[in-house]
Amino acid sequence: MAPNLIMLGPPGAGKGTQAERFARGRGIPKISTGDILREAVHAGTEIGRRAKLIMDRGELVSDDVMIGIVRERLEQPDAIGGFVLDGFPRTVTQATALDAIMERRGPLIVLDIVVPEAELVRRLATRMICEDCGANAGRFAEAGASSQNPAGQADALRCSRCGGRLVQRADDNEAVVRERLRIYRQATQPLVDYYRTRPTFRSIDGAQPADRVAADLVAAIEAAGNGAGSHGGHRS
Ligand code: AMP
């Protein structure tokens, strides 16, 4: 069975890119709470209007709203056989609620992607998303910035998925990035302690090239799945 996976790690650690890649390979949904909120902002819904003000400041949307969104999403039929959660949980309250939602649904595999802060700031400064569909095009922006891949510069202008214009995320400017990292350390880092003692917890070095991170991720998921089995956890 496909895993129920959550990705921890600071903004810019590569959670979204890796989550998307793994989810696509396994045919399970990638559920990104940041993407869900950006879609709500784009669509101009009530939740979107309220979330935009909070997101633009780099702060966290309330636990109640986020838990409601995720509970509803995880009940959809496509998520029953496994999923990759990206950007949730972000607080201990969210993690506790997720444990309750996941009761009788098999173990959560928890991956913590670790990247030094200086590298995060550099990545976030060059990250691009599609103005139209919201796809994260960070890797194109990085390719474009690399002198070894001049072709990447052309790719960096347009979204590979829909052809839309690539722009910087509103919350990727330096002041907001610093605030997001501060909030990460304060509210989200404690989650590592919350999960660390579980046999299904693994840390990954996210400062490596993306292909290497992807390979480590697959190996860690495999090992964590075995850990769940040998420690009497329920396999999904
Ligand atoms: P992300 O795309 O994961 O970096 O999320 C972008 C922004 O959406 C965050 O800075 C928060 O303002 C908001 N957000 C996303 N996920 C959550 C969450 N689980 N809890 C609270 N706020 C969130």
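Higher on the page you've got the structure.
Residues numbered from 1 in each chain as written. Predicted model: local features only at pLDDT ≥ 70, side-chain atom pairs only at ≥ 80, totals over all residues. Heavy atoms only, no water.

Undergrad: Can you explain the sheet that holds strand E7 (residues 201–205)? Please cite residues and give values.
TA: Pairing is parallel across the open sheet formed by 5 strands, whose spatial order is E2-E3-E1-E4-E7. Each end of this open sheet is capped by a strand with a single partner; those strands are strand E2 (30–32) and E7. Within the sheet, the average angular offset between the axes of one strand and its neighbour, ignoring direction, is 20 degrees. (Pairing = 2+ DSSP bridges. Helix = DSSP H or I, 4+ residues; strand = E, 2+ residues; numbered from the N terminus. Axes fitted to C-alpha atoms, helices over the stretch in contact; angles between N-to-C directions.)

Undergrad: Talk me through the site of the ligand; I want residue IDs and the actual numbers.
TA: Taken together, 16 residues lie around the ligand, and Thr-33, Arg-38, Glu-59, Gly-87 and Gln-94 are the ones closest in. At a separation of 2.8 Å, a nitrogen atom of the ligand approaches a polar side-chain atom of Thr-33. At 3.1 Å from an oxygen atom of the ligand is found a side-chain nitrogen or oxygen belonging to Arg-169. Burial of the ligand by the protein amounts to 96% of the accessible area it has alone, namely 480 Å². Per-element accounting of the shell around the ligand gives the leading share, 4 residues, to helix H2 (residues 33–43). Grouping the amino acids of the shell around the ligand by side-chain chemistry returns 6 nonpolar, 4 polar and 6 charged. (Near = heavy atom within 4 Å. Polar contact = N/O pair within 3.5 Å; in protein donor to acceptor, adjacent residues only side chain to side chain. Areas by Shrake-Rupley, 256 points an atom, 1.4 Å probe, with all protein chains shown as cover. Nonpolar A, V, L, I, M, F, W, Y, C, P; charged D, E, K, R; others polar.)

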